[in-house]
Amino acid sequence: MELVELIKSRRSIGALDEKDVPDEVVKELLDIAVWAPNHKKTEPWKFRVIKGEGRVKLGEEMARITKEKSTGLSEEEAKQKIEKAAKGPLRAPVIIALAVSPSGKVPEIEEIAACGCVLQNFLLAATEKGLATIVRTGDIAHEPELRPYLKLEENDKIIGLIYLGYPKKDFEIKAVRTPAEEKTIWFD
Ligand SMILES: Cc1cc2nc3c(=O)[nH]c(=O)nc-3n(C[C@H](O)[C@H](O)[C@H](O)COP(=O)(O)O)c2cc1C
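Residues numbered from 1 in each chain as written. Predicted model: local features only at pLDDT ≥ 70, side-chain atom pairs only at ≥ 80, totals over all residues. Heavy atoms only, no water.

## Some words on the sheet that holds strand S3 (residues 132-136)
Quick reminder of the rule: Strands are labelled as partners when DSSP assigns at least two bridges between them. Here a strand is any run of E in DSSP of at least two residues, a helix any run of H or I of at least four, and the numbering for each starts at the N terminus. Think of each axis as a best-fit line through the C-alpha atoms, taken over the contacting stretch in the case of a helix, with angles from 0 to 180 degrees between the N-to-C directions.
A sheet is described by the order of its strands in space; here 4 strands give the open sequence S1-S2-S4-S3, paired in antiparallel fashion. The sheet is open, and its two borders are formed by strand S1 (45-51) and S3, each paired with just one other strand. Going from strand to strand, the sheet's axes swing by 25° on average, the running direction of each strand aside. Note that strand S2 (residues 94-100) and strand S4 (residues 157-165) share 7 bridges and pair antiparallel. From the neighbouring strand, Leu98 faces S4, where its bridge partner is Gly160.

## Let's talk about the UniProt feature "binding site: FMN" (unreviewed entry) in the chain
Note the threshold: UniProt positions are given in the numbering used here, feature names are shortened, and annotations may be inferred rather than shown by experiment. Only protein chains enter the accessibility calculation, which uses a 1.4 Å probe; a residue is then buried when its area is under 20% of its type maximum, exposed when over 50%, and partly exposed in between. Every residue pair with non-hydrogen atoms within 4.5 Å of one another is taken to be in contact.
In the numbering used here, UniProt assigns the feature "binding site: FMN" (unreviewed entry) to Arg10, Arg11, Ser12 and His39. Over a stretch of 30 residues, the named residues are scattered through the fold, their C-alpha atoms separated by up to 28.3 Å. Tracing the backbone shows Ser12 in the loop between helix H1 (3-9) and helix H2 (23-33). Residue class for Ser12 comes out partly exposed when judged on its relative accessible area of 41%. Those residues in contact with Ser12 that sit more than four places away from it in its chain are Thr133, Ile134 and Ile173. Summarising the element assignment, His39 is placed in the loop between H2 and S1. Excluding its chain neighbours within four sequence positions, the residues that come into contact with His39 are Val106 and Glu110.

## Things to note about helix H3 (residues 53-68)
Here is the rule we go by: The span one expects for a helix is its residue count, reduced by one, times 1.5 Å.
With 16 residues, H3 extends 23 Å between its outermost C-alpha atoms, agreeing within 8% with the 22 Å of an ideal straight helix rising 1.5 Å per residue. Listing the buried residues of H3 in full gives Arg55, Leu58, Gly59, Glu61, Met62, Ala63, Ile65 and Thr66.

## A closer look at the UniProt feature "domain: Nitroreductase" (unreviewed entry) in the chain
The UniProt entry lists residues 7-166 under the feature "domain: Nitroreductase" (unreviewed entry), expressed in the numbering used here. End-to-end, the C-alpha atoms of residues 7-166 are 18 Å apart, and along that stretch the chain is 42% helix and 18% strand.

## Details of the packing of aromatic side chains
Worth spelling out the cut-off: The rule is short: rings of Phe, Tyr and Trp, with Trp giving its six-membered ring, pair when the centres are within 6.5 Å, and they are stacked under 30 degrees, edge-to-face over 60, tilted in between. Two limits define a charge over a ring: the Lys NZ or Arg CZ must be within 6 Å of the ring centre, and within 35 degrees of the ring normal.
Taken as a whole and judged by the stated rule, the model has 0 aromatic pairs. The aromatic ring of Tyr166 is capped on one face by Lys19, whose charged end is 4.2 Å from the ring centroid. One Lys or Arg, Arg136, reaches over the ring of Tyr163 and ends 5.2 Å from the middle of that ring.

## Here we look at the state of the cysteines
Our working definition: Put simply, a disulfide is two cysteine sulfurs that come within 2.5 Å.
Counted according to the given criterion, the structure contains 0 disulfides. Of all cysteine sulfurs in the structure, the one in Cys117 sits closest to Cys115, which takes part in no disulfide; the separation is 8.9 Å.

## Comments concerning the site of the ligand
We apply this condition: Nearness is judged by heavy atoms alone; a residue qualifies as near a molecule or strand once a single heavy atom is within 4 Å of it. N or O atoms closer than or at 3.5 Å make up a polar contact, with two conditions inside protein: a donor-capable atom paired with an acceptor-capable one, and, for residues adjacent in sequence, both atoms drawn from side chains. Each accessible area is a Shrake-Rupley result for a 1.4 Å probe, and residues are judged covered by the shown protein chains and nothing else. Under the grouping applied here, Gly and all other residues not named as nonpolar or charged are polar, the nonpolar ones being Ala, Val, Leu, Ile, Met, Phe, Trp, Tyr, Cys and Pro and the charged ones Asp, Glu, Lys and Arg.
Close contacts around the ligand come from Arg10, Arg11, Ser12, Val135, Arg136, Thr137, Gly138, Ile159 and Arg177, and that covers them all. At 3.0 Å, a backbone N or O of Val135 approaches a nitrogen atom of the ligand. Gly138 places a main-chain nitrogen or oxygen 3.1 Å from an oxygen atom of the ligand. Within the complex, 55% of the 620 Å² of free accessible area of the ligand lies under protein. For the shell around the ligand, the class distribution of residues is 2 nonpolar, 3 polar and 4 charged.

## A look at the pattern of salt bridges
Definition in use: Each salt bridge in this description consists of a side-chain nitrogen of Lys or Arg and a carboxyl oxygen of Asp or Glu lying within 4 Å of one another.
On inspection of all chains with the given rule, the structure shows 12 salt bridges. Here Asp20 and Lys51 are joined by a salt bridge, their closest N and O atoms 3.6 Å apart. Of the two residues, Asp20 is situated in the loop between H1 and H2 and Lys51 in strand S1; the sequence distance between them amounts to 31 residues. Residue classification places Asp20 among the partly exposed residues on the basis of a relative accessible area of 40%. Residue class for Lys51 comes out partly exposed when judged on its relative accessible area of 29%. For the salt bridge of Arg64 with Glu68, the shortest nitrogen-to-oxygen distance reads 2.9 Å. Of the two residues, Arg64 and Glu68 both sit in helix H3, 4 residues apart, roughly one turn of that helix. According to the relative accessible area criterion, Arg64 is partly exposed, its value standing at 36%. Since its relative accessible area comes to 44%, Glu68 is described here as partly exposed. Sharing partners across several salt bridges, the network here consists of Glu61, Arg64, Glu68, Lys69, Glu143 and Glu145.

Structure (structure tokens):
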């Protein structure tokens, strides 16, 4: 697919088939994603691939954290939130948690930007292969308690959870963007 068409046709697709994505494909996508610009070549990204039973365990951990944070909610509201958290990771055959691991060598915002480039590389490469993706965070991705479970360090931060799979059905999602001109000032 031509690059401009690829960029514009990538969509966040939540309805994913249960069919597994081969490990080799995931590895290939990650190896493409890392070809991202990064200041002082710090390569500040980390990946955690969660699949199979790993998704059930991640859901259990997310439910445990959600339960802890549910004080003040009614019993019914808390129950619903906890159940939703437990089921969340089952919405895709593979989830890739992308985290930034700040090196301290450059401002953190630059390393977050580099991880944004990695993210887009991954999404585009997946789209080109006919795979569907959606990045999800919600509140849970930013809970510090999730970091040790994913073997992340204290200073690491999750950029997003990439849900990866084959699209369940043909999709045509209408999308719009504000013309860049409306957000641009030129200095001649
Ligand atoms: C860092 C990040 C976090 C996101 N978190 C969520 C999320 O928690 N839930 C969700 O439905 N979509 C999430 N999205 C996807 C956006 O909703 C989606 O990109 C946006 O609606 C534009 O649609 P498009 O990706 O099809 O162009 C996230 C995207 C990014 C980049």
